[in-house]
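# Structure at a glance
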Amino acid sequence: MAEVYQGVTHGFHGPITANVTIEDQKIKKIDAEYSQAATVGALGIARMKAQILAQQSTDVDAVTGASTSANAFKAAVEKAIAVSQQTLSEEAGRDINVPSPKSGPVDEVTGASANPLQAPTNPSPVTPGF
């Protein structure tokens, strides 16, 4: 019987949740929940998801261009798998502050993730149009 396990980690634009369906010790399906602001990250997550499903493992190549989101998604999947294997509790799997037991913490304090709701500003003293 298929069961769904959940892992949550910090992503570039906020939390990333992986809902991993496992049946007969095989990954059957992975659903991701993340901020709609993660347009580039969505592509990285989709590519990482496809690799994990094809390889039936999180030991897959990194995704360039959206590495923070893709690596955070990978860590969320690792947490969900750890919950399925009972090496991580369900509560720890859903706790955003608990790192993946396989890859460790994701560095979420880069770029826009420091203040994801704040619009970026240009610190350049150059005035456009001159």
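Preceding this paragraph is the structure being described.
### Quick notes on the packing of helix α1 (residues 39-55) against helix α2 (residues 67-84)
Viewed as axis vectors pointing N to C, α1 and α2 meet at an angle of 45°, and their least axial separation amounts to 8 Å. As far as their axial angle goes, α2 and α1 are oblique. In terms of crossing hand, the pair formed by α1 and α2 is right-handed. Contacts between α1 and α2 involve G41, G44, I45, M48, K49 and I52 from the former and S69, A70, N71, F73, K74 and V77 from the latter. Taken together, the residues of the contact of α1 with α2 sort by class into six nonpolar, four polar and two charged.

### What about the nonpolar core?
V20, I30, M48, I52, F73 and V77 are the most contacted members of the largest nonpolar core, which has 23 residues in total. Only β2 (14-23), β3 (26-33), α1 and α2 provide two or more residues apiece to this core. With nine residues, the top contributor of residues to this core is α2. In this structure, I52 is in contact with I27, I30, S57, T58, V60, K74 and V77, ignoring residues within four places of it in sequence.

### Quick look at the layout of surface pockets
If a probe the size of a water molecule is rolled over the atoms, the empty space left behind becomes visible. By volume, the largest pocket amounts to about 330 Å³. At the level of secondary structure, the elements contributing two or more residues to the lining of the largest pocket comprise β2 and α2.

### Regarding the pattern of salt bridges
Scanning the entire structure with this criterion turns up three salt bridges. Salt-bridge contacts for D31 lead to K29; the nearest nitrogen and oxygen are separated by 3.6 Å. Across the salt bridge formed by K102 and D59, the nearest N and O atoms sit 2.8 Å from each other. Separated by 43 residues along the polypeptide, K102 in the segment after α3 (90-94) and D59 in the loop between α1 and α2 bring together distant segments of the chain.

### Things to note about the sheet that holds β2
One open sheet accounts for three strands, arranged β1-β2-β3; its pairing is antiparallel. The sheet is open, and its two edges are formed by β1 (3-11) and β3, each paired on a single side. For this sheet, the mean angle separating the axes of adjacent strands, direction not counted, is 20°. In the sheet, β1 pairs with β2 via nine bridges, with the strands oriented antiparallel. What sits directly across from Y5, in β2, is V20. This element, α2, spans β1, β2 and β3 of the sheet and lies at about 145° to β1.

Rules used throughout
Every residue gets a number counted from 1 within its own chain, in the order that chain's sequence is written. Local features in this predicted model are restricted to residues of pLDDT 70 or higher, and side-chain atom pairs are both shown and tallied only at a pLDDT of 80 or more, whereas totals for entire chains, interfaces and linings draw on every residue. Neither water nor hydrogens contribute to the side-chain values; these are computed over all heavy atoms in the structure. Convention adopted: a line fitted to C-alpha atoms gives each axis, helices being fitted over their contacting stretch, and angles between N-to-C directions are expressed from 0 to 180 degrees. Secondary structure is summarised from DSSP: a helix means a run of H or I of at least four residues, a strand means a run of E of at least two, and numbering begins at the N terminus for each. These descriptions rest on fixed angle ranges, namely under 35 degrees for roughly parallel, over 145 for roughly antiparallel, 65 to 115 for roughly perpendicular, and the rest for oblique. Here is the rule for handedness: rotate from the far helix to the near one, and if that takes an anticlockwise turn smaller than a right angle the crossing is left-handed, while a clockwise turn gives right-handed. It only takes one pair of heavy atoms within 4.5 Å for two residues to be counted as in contact. Residue type decides the class: Asp, Glu, Lys and Arg count as charged, Ala, Val, Leu, Ile, Met, Phe, Trp, Tyr, Cys and Pro as nonpolar, and the leftover types, Gly among them, as polar. What we call a nonpolar core is a set of buried Ala, Val, Leu, Ile, Met, Phe, Trp, Tyr and Cys residues that are connected through their side-chain atoms within 4.5 Å. Working definition: with a 1.4 Å probe on protein chains only, accessible area under 20% of the residue-type maximum means buried, over 50% means exposed, and in between means partly exposed. A 1.4 Å probe that fits but cannot get out identifies a cavity on a 1 Å grid over protein atoms alone, an open set with protein on both sides within 12 Å along at least five of seven lines counts as a pocket, and a residue lines either if it has an atom within 4 Å of a point. Grid points are joined across faces, edges and corners, and a volume is the space filled by probe spheres set on the points. One side-chain nitrogen of Lys or Arg within 4 Å of one carboxyl oxygen of Asp or Glu is enough to make a salt bridge. DSSP calls a pair of strands paired once it identifies at least 2 bridges connecting them.

Coordinates in, geometry out; function isn't part of it.
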